[in-house]
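# Geometric and topological summary
Spelled out from the first residue to the last, the chains are:
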Amino acid sequence: MDRGSAPIPIKTYFALGPNALMLDIAGPCEVLRGANMVQNQWRYEVQFVSATPNAPTSLGYALENVAPLPEHIEPDAMVVVCGNASEMPGFANMPANQDTRSADTQLETWLRRTIASSHQLVTVCSGALHAARAGLFDGKHCTTHHKCLDELRAISQKIKVEENRLYVEDGHRFSSAGITSGIDLMLHIVGKRLGLAATAQIAQHMVVFNRRSGNEPQLSPFLQGRSHLHPTIHRIQDQVTTNPTKDWTVERLANEAHMSTRHFSRLFNKETGVTVPDYINGLRIAMAENMLKAQHVSIENLVDRLGYNSTRQFHRAWKQRHGKSPRQWQREQAVEA
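Residues numbered from 1 in each chain as written. Predicted model: local features only at pLDDT ≥ 70, side-chain atom pairs only at ≥ 80, totals over all residues. Heavy atoms only, no water.

## Some thoughts on the overall build of the protein chain
Across its full length, the protein chain carries 13 helices and 13 strands. Counting all 337 residues of the protein chain, 49% fall into the buried class. For the protein chain, the proportion of contacts with a sequence separation of at least 24, taken over those separated by at least 6, is 60%. Working note: accessible area of the protein chain is about 16700 Å², and carbon and sulfur atoms make up 49% of it. (Helix = DSSP H or I, 4+ residues; strand = E, 2+ residues; numbered from the N terminus. Buried < 20%, exposed > 50% of the residue type's maximum accessible area, 1.4 Å probe, protein only. Contact = heavy atoms within 4.5 Å. Areas by Shrake-Rupley, 256 points an atom, 1.4 Å probe, with all protein chains shown as cover.)

## Here's the deal with the side chain of aspartate 170
Mapped onto the elements of the fold, aspartate 170 is located in strand 10 (residues 167-170). Buried charge without a partner: aspartate 170 forms no salt bridge, and the closest opposite charge is lysine 140, 4.0 Å away. Here the side chain of aspartate 170 touches histidine 141 through a polar contact of 2.8 Å, landing on its backbone nitrogen. Here aspartate 170 is in contact with Gly139, Lys140 and His141, once residues within four sequence places are set aside. (Lys, Arg positive; Asp, Glu negative; His and termini not counted. Salt bridge = Lys/Arg side-chain N within 4 Å of Asp/Glu carboxyl O. Polar contact = N/O pair within 3.5 Å; in protein donor to acceptor, adjacent residues only side chain to side chain.)

## With respect to the pattern of salt bridges
Throughout the structure, instances matching the rule amount to seven salt bridges. Salt-bridge contacts for glutamate 108 lead to arginine 133; the nearest nitrogen and oxygen are separated by 2.9 Å. Of this pair, glutamate 108 sits in helix 2 (residues 98-114) while arginine 133 sits in helix 3 (residues 127-133), and the two are 25 residues apart along the sequence. Linking lysine 192 and glutamate 169 is a salt bridge whose minimum nitrogen-to-oxygen distance equals 3.0 Å.

Structure representation (structure tokens):
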């Protein structure tokens, strides 16, 4: 893409019900703001919509002059349905009343009428209940806050409810467990479009873990070893993260750090907890995982694209992380999906 080209817009609607959980709104929004900051190819255009112009929130403050629920939305738009403080058993400081129930009904009617199969639907926390009542999770795997799971099951027997999951992806339907997990889910969604390196930058800026999938709580290799405070090592890690496939050697990175090879190697290990080769391999294997999940690619092509000198070198690095062959891992991922 030319530097002078305008970014491609991604229209994103945050559908707010009454007593919306503020963090359900702010967390995912900050991820999208970060996505707009770290690259210029895509631009998330966020609009807040509601059945009422003044939308009360869980903190007692109302969002004013919110746009009405639109009659139509773009075919490729993303719609985020936030959780409702009134829906949280044992945690609802704002009990539902006639006004909130009416607004909920209007929101669910709008979802049922407006959301098509082409739209990305994202629910945060108890927002899954609104989508479920609109019939948008029928035949789909989804999750919600652990206190709302029974209610989600009761809405429809067609819904495949997942427990103990940070978030769930099923086609164009995405759902998260609760509150802060909306950040994890939005990082995952943004990562599918922008790549792991971009989401690592966003997560680092937000000082949060960048989780790789809904059932894998491990810290992403793009954030491992980043909890130290050494500015030079952070600068070197940023260089490697920006282009993990480059022919990085300890000697080259030591030169970039203006240190002797021996001193740099010891300092890197001390600050990050991993050796330089292990750090680089971790990033490359994470990229390989992404490629194998997304497409059928030959190992030879994968080796070239990741900057390994030989297939043997790649297999050695892969086995160190997974203990099985790339193809076996790929088949297992396909079964789990």
